[in-house]
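Chain and residue survey
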Amino acid sequence: MLSRCGIVPEKAALVIRGELVKLWDLDPLQLPAEEDVHMAVEAHLTAALGETAGMLHTARSRNDQVALDLRLHVREQAAQALEKWRGSWARWWRGRARRRTPSSRRTRTGSERSR
């Protein structure tokens, strides 16, 4: 977004994004030992990109960073929970369908319905 607004050069934004995408597959224990995850990510980016990494926080406060990271984490956890729920719902529905075969249904006669 900062690149689209002309605040950060497009090339720098693409380089930062590319390095952040690489971090997604990195084991968190491989990040530099820092005060918190935000500082560890910044240290990793600085080691990989040099001065360009400093643009990561342009126009964003520390609270903005924390809010964004929390929102992304909650979104990921919600997506995982939804996938688990979909799987269990599908298993339940298949089991229900197997139990309710047409041969096992009993049709009620007119005299039975009136009772």
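Residues numbered from 1 in each chain as written. Predicted model: local features only at pLDDT ≥ 70, side-chain atom pairs only at ≥ 80, totals over all residues. Heavy atoms only, no water.

**As for the overall build of the protein**
Our working definition: Helix and strand definitions follow DSSP, with helices as H or I runs of at least four residues and strands as E runs of at least two, each counted in order from the N terminus. The cut-offs for exposure are 20% and 50% of the maximum accessible area for each residue type, with area from a 1.4 Å probe on protein chains only; residues under the lower value are buried, those over the upper are exposed, and the others partly exposed. Whether two residues are in contact is decided by their heavy atoms, any of which lying within 4.5 Å being enough. Per-residue and other accessible areas follow the Shrake-Rupley method at a 1.4 Å probe size, with only the shown protein chains counted as cover for residues.
The number of helices and strands found in the protein is 4 helices and 0 strands. Along its sequence from the N terminus, the protein presents helices and strands in the succession α-α-α-α. Considering the protein as a whole, with its 115 residues, one finds that 16% of them fall into the buried category. Looking at the protein alone, contacts between residues at least 24 apart form 51% of all its contacts between residues at least 6 apart. For the protein, the accessible area works out to roughly 9,600 Å², and carbon and sulfur atoms hold 56% of it.

**A word on the pattern of salt bridges**
Close approach of charged atoms allows side chains of opposite charge to pair. For clarity, the threshold we go by: By definition, a salt bridge exists where a carboxyl oxygen of Asp or Glu is found within 4 Å of a side-chain nitrogen of Lys or Arg.
For the coordinates displayed, the defined rule picks out 2 salt bridges. The residue Glu-19 makes a salt bridge to Lys-22 at a minimum N-O spacing of 3.7 Å. Residue Glu-19 and its partner Lys-22 are both found in helix H1 (residues 10–24); the two are separated by 3 residues, about one turn of the helix. Assessed through its relative accessible area of 12%, Glu-19 is described here as buried. For the salt bridge of Glu-83 with Arg-86, the shortest nitrogen-to-oxygen distance reads 3.1 Å. Residue Glu-83 and its partner Arg-86 are located together in helix H3 (residues 62–99), separated by 3 residues, close to a single helical turn. Judged by relative accessible area, which is 45%, Arg-86 ranks as partly exposed.

**Brief notes about the environment of Ala-59**
Looking at where Ala-59 falls in the secondary structure, it is placed in the loop between helix H2 (37–49) and H3. Since its relative accessible area comes to 60%, Ala-59 is described here as exposed. Along the primary structure Ala-59 and Ile-7 are separated by 52 residues, whereas in three dimensions their C-alpha atoms are 8.6 Å apart.

**Details of the nonpolar core**
Within soluble globular proteins, side chains that are nonpolar generally end up buried alongside one another. Threshold: In these notes, a set of buried Ala, Val, Leu, Ile, Met, Phe, Trp, Tyr and Cys residues joined through side-chain atoms within 4.5 Å is what counts as a nonpolar core.
Grouped together as the largest cluster of nonpolar side chains are 9 residues: Ile-16, Leu-23, Leu-31, Ala-40, Val-41, Leu-45, Leu-49, Ala-53 and Leu-56. Taken together, the elements giving at least two residues each to this core come down to H1 and H2. Here this core takes 4 residues from H2, the largest share from any one element. Those residues in contact with Leu-56 that lie beyond four places of it in its chain are Ile-16, Leu-20 and Leu-45.

**Some points on the confidence of the model for the protein**
Quick reminder of the rule: The predictor attaches a confidence to each residue, called pLDDT, with possible values from 0 through 100.
When the pLDDT values of the protein are averaged, the result is 78; 84% of them are 70 or greater. Mean pLDDT per element in the protein: helix H4 (residues 110–113) is the minimum at 55, and H1 is the maximum at 87.

**Points about H2**
The test is simple: For a helix, the expected span equals 1.5 Å multiplied by the residue count minus one.
In a regular helix each residue adds 1.5 Å, so 13 residues correspond to 18 Å; H2 covers 18 Å between its end C-alpha atoms and thus fits that length. With its phi angle positive at about 75°, Gly-50 sits one or two positions after the end of H2.

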